[in-house]
Amino acid sequence: MATGKPMDEAPKTIDDFLAGKSEHTLMLFHHFVSEFKKLGNDVELGPTKTMIGISNSNKRIAWITQLGKNFIHVVFPFKQLYPDNTCFIKMAQVPGDVNQFNHHFRMNFIEDLNDEVLSYMQLAYHLGED
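With respect to the sheet that holds strand β2 (residues 52–55)
Each strand in a sheet pairs with its neighbour through backbone hydrogen bonds, running either in the same direction (parallel) or in the opposite one (antiparallel).
Link 1 in the chain: Strand order in the open sheet made by the six strands is β1-β2-β3-β4-β6-β5, with antiparallel pairing throughout. Two strands bound the open sheet, and with one partner strand each, they are β1 (44–47) and β5 (90–93). Each strand of the sheet is rotated relative to its neighbour by a mean of 25°, with strand direction disregarded.
Link 2 in the chain: In this sheet, strand β3 (residues 60–67) lies alongside β2 in antiparallel orientation, the contact comprising four bridges.

Quick look at the structure:
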């Protein structure tokens, strides 16, 4: 007997994305979101069909694209490439968009959210004010 949602039905809430995730992944998610919310009172989460958007009062400033068994994957869309870093596992220009460079961060442990990552979170937040 099948249970749950049909395969073609998209998650409707943040809780839908979090359902069934490991305690470790939930801890990482809540820690990451908590640290982002320290940057401003207007940081909000919004579910889409396939990911969780993080916004300030002006625009989306990051995306949680994957909640794995023991990690979360976050994409920061910047207007330029920031190649001099040790925190991003991948950086790429969005095809056809000369103004968006996605910077991919994978958080496996609380300690991965270090000063370098926090500085890019702050950059994303403040660039999103424009």
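As for the environment of Gln122
Link 1 in the chain: Assignment of secondary structure puts Gln122 in helix α3 (residues 115–127).
Link 2 in the chain: With 82 residues separating them along the chain, Gln122 and Gly40 place their C-alpha atoms 9.5 Å apart.

Quick look at the side chain of Ser55
Link 1 in the chain: Considering the arrangement of structural elements, one finds Ser55 in strand β2.
Link 2 in the chain: Side chain to side chain, Ser55 and Arg60 meet in a polar contact 3.0 Å long.
Link 3 in the chain: Sequence-distant contacts of Ser55, defined by excluding residues within four places in its chain, comprise Asp42, Val43, Glu44, Arg60 and Ile61.

Quick look at the pattern of salt bridges
Link 1 in the chain: The full count for this structure, using the stated rule, is one salt bridge.
Link 2 in the chain: With a closest N to O distance of 2.8 Å, Glu35 and Lys38 form a salt bridge.
Link 3 in the chain: The exposure class assigned to Lys38 is exposed, which follows from its relative accessible area of 60%.

As for the side chain of Asn56
Link 1 in the chain: Relative to the elements of secondary structure, Asn56 occurs in the loop between β2 and β3.
Link 2 in the chain: A polar contact of 2.8 Å, which involves the side chain of Asn56, links it to the backbone nitrogen of Asn58.
Link 3 in the chain: Of note is the side chain of Asn56, whose polar atom sits 3.0 Å from the backbone nitrogen of Lys59.

Conventions adopted
- Residues numbered from 1 in each chain as written.
- Predicted model: local features only at pLDDT ≥ 70, side-chain atom pairs only at ≥ 80, totals over all residues.
- Heavy atoms only, no water.
- Pairing = 2+ DSSP bridges.
- Helix = DSSP H or I, 4+ residues; strand = E, 2+ residues; numbered from the N terminus.
- Axes fitted to C-alpha atoms, helices over the stretch in contact; angles between N-to-C directions.
- Polar contact = N/O pair within 3.5 Å; in protein donor to acceptor, adjacent residues only side chain to side chain.
- Contact = heavy atoms within 4.5 Å.
- Salt bridge = Lys/Arg side-chain N within 4 Å of Asp/Glu carboxyl O.
- Buried < 20%, exposed > 50% of the residue type's maximum accessible area, 1.4 Å probe, protein only.

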